[in-house]
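Chain by chain, the residues:
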Amino acid sequence: MSNRLPGFGAIRFNGKLRPSQTAAVSVIEPQLDVQGKHLHIVAPPGSGKTVLGLYVWANLVRKPTLVLSPNSAIQAQWAARTDLFDLDGKDEFITTDPKNPGLLTSLTYQSITMPKRGGEELNEAAVDLWTENLISNEEALDEENALGWIEDLKIKNIDYYEERLSVYRKKVRDEFSKHGNALWTLSESAKNNLQRLKEIGIGMIILDECHHLLHHWGRVLNEVREYFDNPIVLGLTATPPDFQHYDEEDAKRYQEFFGEIDYEVPVPALVRDSNLAPYQDLAFFVRPSQNELNYVAKVDEEFQALLNELHLVQDYPNATLPIDRWVFKALEERKSPGGKKAEWEQFNKRNSGFANAARAFLLNTIGSIPEGVPNPPDYLLDSYQNKLAILRPVLDRYVRHGLRRSESVLDHEKAELITQRLRMLGTQITETGIRPCASPVGRIMAYASTKVKAISTILSSEMQALGGDIRAVIITDFEKTSATTLVKGVMDDEAGGAVAALRQAVQCDNVDLLNPILMTGSTVLVDDDLAAEFLAAANNWIKERNLAITLVDEIRGDYHEIVGKGKDWIPRYYSLMITEFFQLGITKCLIGTRGLLGEGWDASRINVLIDLTTVTTSMSINQLRGRSIRLDKQWPEKVANNWDVVCLAEEFTNGFSDYERFKKKHKQLYGVCDDGAIEKGVGHVHAAFTEAEPEGISEGMSVFNEDMLRRSRNRTHVRGLWGIGQPFFAKPTSAI
């Protein structure tokens with residue numbers, strides 16, 4: 001430690017830890033003696049992660065500590081929260097200045113990971129990579145030719161030359177940081193900051209919102225840890241990442257860096273401790289519109305016609321066997337592509353997906369399976385929610401091992417046709433297997449026009465219960481549908497988006513009373529009844545902060561578009577302004593995209609959330625649901641209602657895709673059940689969903705909807721079910 005830094009002396013926490021924080025400390029403290037120990041703590045928004053981290057710094061580790069955060073607002077919060085601690089007169093050694101590190105130094109990730117922008121070494125490496133690329137793509141014959149081409153471009157089109165050189169510089173930096181040279185890629189400023197931190201002897205690094213460390217920041221931090229002689233690392237996040245959405249190398253490094261989660265603060269514990277508001281998850285079911293149903297029916301008919309054809313014997317030369325006979329033979333012979341027969345146990349272990357689905361398929365079609373192949377247990381047959389779940393593995397095997405390997409060109413064409421038809425239903429057959437893909441039918445089910453219409457029914461019911469205290473937020477995936485996701489003739493460019501939700505809201509007499517506002521990263525739309533009041537309030541807000549913004553009001557029928565001009569008309573300012581208006585009740589219904597109303601956005605007065613998004617990853621779901629369960633000082637008895645709108649069409653092959661998405665989403669969410677038990681899974685939305693087949697849900701759609709609306713109005717009962725003040729024992733058990 002540098003001589004200029006004092007010892008910790010009497011620095012300590014002045015307050016009392018929450019039960020969830022005490023539980024986390026009991027896990028953290030015994031592990032702090034391990035050199036280079038990495039701790040990974042998951043805690044939802046509002047759980048007191050900052051105070052927990054500072055407690056570890058002040059009361060347990062008591063060494064100079066570096067805190068890193070993704071933005072300057074969170075950076076400042078860490079320094080500000082030390083006001084809850086007795087700093088023993090050492091306030092000046094709490095710093096946010098990288099040039100003057102102290103006992104606690106709170107910085108942004110950018111301050112120590114900023115890459116160099118140029119430099120001779122980097123430029124030379126970038127030109128080398130550019131040269132290799134030109135030669136490999138046959139744009140240049142050899143190195144001399146490629147360098148001449150680049151030099152000529154530099155002379156004749158310097159702007160384009162600089163643009164392309166910048167691209168290759170980034171590629172070089174990424175390659176270096178991926179393969180253990182991350183510190184070399186840093187700017188001089190970042191290197192100097194690291195050197196000053198090293199000189200004071202960093203004993204712990206706290207990484208806030210550590211799920212961000214899957215790219216450049218993570219590559220750099222991996223080497224910074226060694227540069228600082230392996231201090232303790234404490235990673236804090238509310239939303240651990242879903243690794244399937246990231247580069248395999250980055251995901252592996254993150255997992256190796258943090259290891260398993262050491263402690264997770266469950267949301268129910270915070271609800272019972274009165275640190276988060278109680279809530280209930282609700283679902284409203286709809287069917288596609290007639291126009292949408294017609295399209296789905298047409299796709300289904302074409303798919304069924306193809307299936308029927310696959311069962312017919314073909315008379316052209318070298319034709320592959322009909323699908324039922326081919327599958328029977330495949331199970332009977334159990335041969336690998338190399339021709340070697342396997343015993344059933346070995347075959348089933350290596351090809352379990354096909355082996356299980358094939359048995360169900362044969363029992364459903366010809367009523368028998370080959371001798372020596374065991375009958376599948378009932379639970380396995382019951383696990384297939386619909387016929388597509390059985391057909392996916394069967395068709396995949398039939399295409400890749402049968403039709404594509406046939407000597408007949410007609411079989412090859414049939415393989416391509418099956419692939420196309422399955423793609424329409426959300427399944428892609430690749431060279432190595434099947435995987436989900438975007439599909440027209442999937443998009444129709446996800447963004448059905450009837451989902452948006454459900455907003456009126458849900459909010460009308462919520463208004464009956466909450467009156468003027470209602471604060472509703474509707475979140476969508478996007479503002480408008482992109483051209484690439486449209487289903488021509490069925491979906492318009494607003495289907496499933498925020499604009500469609502606003503149109504529905506302002507056209508409903510009840511919801512229109514909430515004065516809805518749409519807010520996205522590029523657009524602000526305001527209910528026509530609110531426009532004049534909004535402009536007056538907005539202009540006052542802008543004037544008070546001396547911002548360079550001029551507002552223009554453009555009428556768009558039932559709503560107005562507010563066009564801002566000036567350098568300060570950016571989401572950072574107008575989202576803050578509109579959120580304040582929402583908190584005050586100027587508007588009682590906000591509509592926006594998850595990009596803007598997700599991580600980092602906060603409005604404590606939300607008590608109704610309607611989730612129209614298609615996200616199913618744990619990180620995204622928890623970010624969205626975390627918005628509604630903040631405590632509301634103006635309503636201490638707050639209970640939040642979180643709604644999903646689910647589209648069903650049981651008569652079609654892929655008619656339950658949206659219900660499957662709903663189940664996948666709730667598999668990762670805690671909720672309170674009718675008996676007060678805390679449960680993950682759809683059972684906490686309604687007990688019947690645990691065992692009921694999707695067909696049963698669809699048949700009882702109107703009954704379930706009425707029950708959900710009734711539940712939404714009975715918040716007092718729900719609050720009682722949560723058992724506020726009772727201890728929460730987070731010991732997971734499986735439901736029977």
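An account of the accompanying structure is given in this report. (Residues numbered from 1 in each chain as written. Predicted model: local features only at pLDDT ≥ 70, side-chain atom pairs only at ≥ 80, totals over all residues. Heavy atoms only, no water.)

Let's talk about the overall build of the chain
Helices and strands together make up the secondary structure of the chain, namely 30 helices and 22 strands. Counting across all 736 residues of the chain, residues that qualify as buried make up 54%. Put simply, of all contacts in the chain between residues at least 6 apart along the chain, 73% involve residues at least 24 apart. (Helix = DSSP H or I, 4+ residues; strand = E, 2+ residues; numbered from the N terminus. Buried < 20%, exposed > 50% of the residue type's maximum accessible area, 1.4 Å probe, protein only. Contact = heavy atoms within 4.5 Å.)

Description of the sheet that holds strand 14 (residues 517-519)
Across the sheet, 9 strands lie side by side as 10-20-19-13-18-14-15-17-16; this open sheet has mixed pairing. Each having just a single partner strand, strand 10 (279-286) and strand 16 (550-555) make up the two edges of the open sheet. Across this sheet, the average inter-strand angle for adjacent strands is 20°, counted without regard to direction. Pairing between strand 14 and strand 18 (residues 589-593): 3 bridges, direction parallel. Paired with Met519 across the bridge in strand 18 is Gly592. Packing against the sheet, helix 23 (residues 531-544) makes contact with strand 14, strand 15 (524-527), strand 16 and strand 17 (559-565), and its axis sits at approximately 170° to strand 16. On the sheet, helix 24 (residues 571-584) packs against strand 13 (472-476), strand 14, strand 15 and strand 18 and is oriented at approximately 150° with respect to strand 14. (Pairing = 2+ DSSP bridges. Axes fitted to C-alpha atoms, helices over the stretch in contact; angles between N-to-C directions.)

So, helix 2 (residues 49-61)
With respect to burial, helix 2 is a largely interior element, 12 of its 13 residues being buried. All of the buried residues in helix 2 are Lys49, Thr50, Val51, Leu52, Gly53, Leu54, Tyr55, Val56, Trp57, Ala58, Leu60 and Val61. Directly beyond the C-terminal end of helix 2, a positive phi value near 55° is found at Arg62.

A look at the environment of Glu333
Along the polypeptide, Glu333 turns up in helix 13 (residues 323-333). Sequence separation between Glu333 and Trp344 is 11 residues; the distance between their C-alpha atoms is 9.6 Å.

Quick word on empty space enclosed by the protein
Counted by the stated rule, this structure contains 3 cavities of 30 Å³ or more. Estimated volume of the largest cavity: approximately 90 Å³. What lines the largest cavity is Lys451, Asp611, Leu612, Thr613, Asp644, Val645, Val646, Asp658, Arg661, Phe662 and Lys665. For the lining of the largest cavity, the per-class residue count stands at 4 nonpolar, 1 polar and 6 charged. A volume near 40 Å³ is recorded for the second largest cavity. The wall of the second largest cavity is formed by Leu213, Gly218, Leu221, Arg253, Tyr254, Phe257 and Phe258. Looking at the lining of the second largest cavity, the elements with two or more residues in it are helix 9 (216-227) and helix 10 (248-258). With 4 residues, helix 10 is the largest single contributor of residues to the lining of the second largest cavity. (1 Å grid on protein atoms, 1.4 Å probe; cavity = no way out; pocket = protein on both sides within 12 Å on 5 of 7 lines; lining within 4 Å. Points joined across faces, edges and corners; volume = space filled by probe spheres on them. Nonpolar A, V, L, I, M, F, W, Y, C, P; charged D, E, K, R; others polar.)

Some remarks on a negative patch on the surface
Residues Glu124, Asp128, Glu132, Glu143 and Glu144 make up a contiguous surface patch of negative charge. Taken together, the elements giving at least two residues each to the negative patch come down to helix 5 (120-136) and helix 6 (143-156). Broken down by element, the residue count for the negative patch peaks at 3 residues, all from helix 5. (Patch = residues over 30% accessible without salt bridge, like charges linked within 9 Å, V, L, I, M, F, W, Y side chains within 5 Å. Areas by Shrake-Rupley, 256 points an atom, 1.4 Å probe, with all protein chains shown as cover. Salt bridge = Lys/Arg side-chain N within 4 Å of Asp/Glu carboxyl O. Lys, Arg positive; Asp, Glu negative; His and termini not counted. Charge placed at Lys NZ, Arg CZ, Asp CG, Glu CD.)

Quick notes on the packing of helix 1 (residues 19-28) against helix 2
The contact between helix 1 and helix 2 brings their axes to 11 Å, and the two run at 50°. Looking at the two axes, helix 1 sits oblique to helix 2. By crossing handedness, the relation of helix 1 to helix 2 is classed as right-handed. Here Gln21, Ala24, Val25 and Ile28 of helix 1 come into contact with helix 2, specifically with Val51, Leu52, Tyr55, Val56 and Leu60. (Parallel < 35°, antiparallel > 145°, perpendicular 65-115°, else oblique. Left-handed = near helix turned anticlockwise from the far one by under 90°.)

Side note on the nonpolar core
Counting residues in hydrophobic clusters, the biggest one holds 94 residues, and the most contacted among them are Phe285, Leu459 and Phe689. Of all the elements, helix 12 (residues 290-310) adds the most residues to this core, at 9 residues. With residues up to four places along the chain from it excluded, the contact list for Phe689 reads Phe285, Tyr659, Phe662, Val682, Ile697, Phe704 and Met708. Among the nonpolar cores identified, the runner-up in size contains 74 residues, and Phe13, Ala43, Met204 and Tyr263 belong to it. (Core = buried A, V, L, I, M, F, W, Y, C linked by side-chain atoms within 4.5 Å.)

Quick word on the pairing of strand 13
Burial analysis of strand 13 places 5 of its 5 residues in the buried class, the great majority of the element. The alternating pattern of strand 13 places Ala472, Ile474 and Thr476 on one face and Val473 and Ile475 on the opposite face, and all of these are buried. Looking at chain direction, strand 13 and strand 18 are connected through 5 bridges and run parallel. Counted as the bridge partner of Thr476 is Thr593 from strand 18. When strand 13 meets strand 19 (residues 608-611), the two strands line up parallel, connected through 4 bridges. Bridging across to strand 19, Val473 finds its partner in Leu609.

Describing the environment of Leu388
Relative to the helices and strands, Leu388 is located in helix 17 (residues 387-403). Counting along the chain gives 268 residues from Leu388 to Phe656, while the straight-line C-alpha distance between them is 9.9 Å. Beyond its immediate sequence surroundings of up to four residues, Leu388 is in contact with Phe303, Leu422, Leu425, Thr653 and Asn654.

Things to note about the pairing of strand 6 (residues 104-108)
Within a regular beta strand, the side chains point alternately toward one face of the sheet and then the other, so they alternate between its two faces. The element strand 6 is largely enclosed, with a buried count of 5 among its 5 residues. Sheet analysis places strand 5 (residues 94-95) next to strand 6, joined by 2 bridges and oriented parallel. Across the sheet, Thr95 pairs through a bridge with Thr105, a residue of strand 6.

Focus on the sheet that holds strand 8 (residues 232-237)
The sheet built from 7 strands is open, its strands ordered 5-6-3-7-8-2-9 with parallel pairing. The sheet terminates laterally at strand 5 and strand 9 (263-264), the two strands that pair on one side only. With 5 bridges connecting them, strand 2 (residues 38-42) and strand 8 associate as parallel partners. For Val42, the partnering residue across the bridge sits in strand 8 and is Thr237. The sheet contacts of helix 10 involve strand 2, strand 7 (204-208) and strand 8, and relative to strand 2 the element is tilted by about 105°.

By themselves, these figures tell us nothing about what the structure is for.
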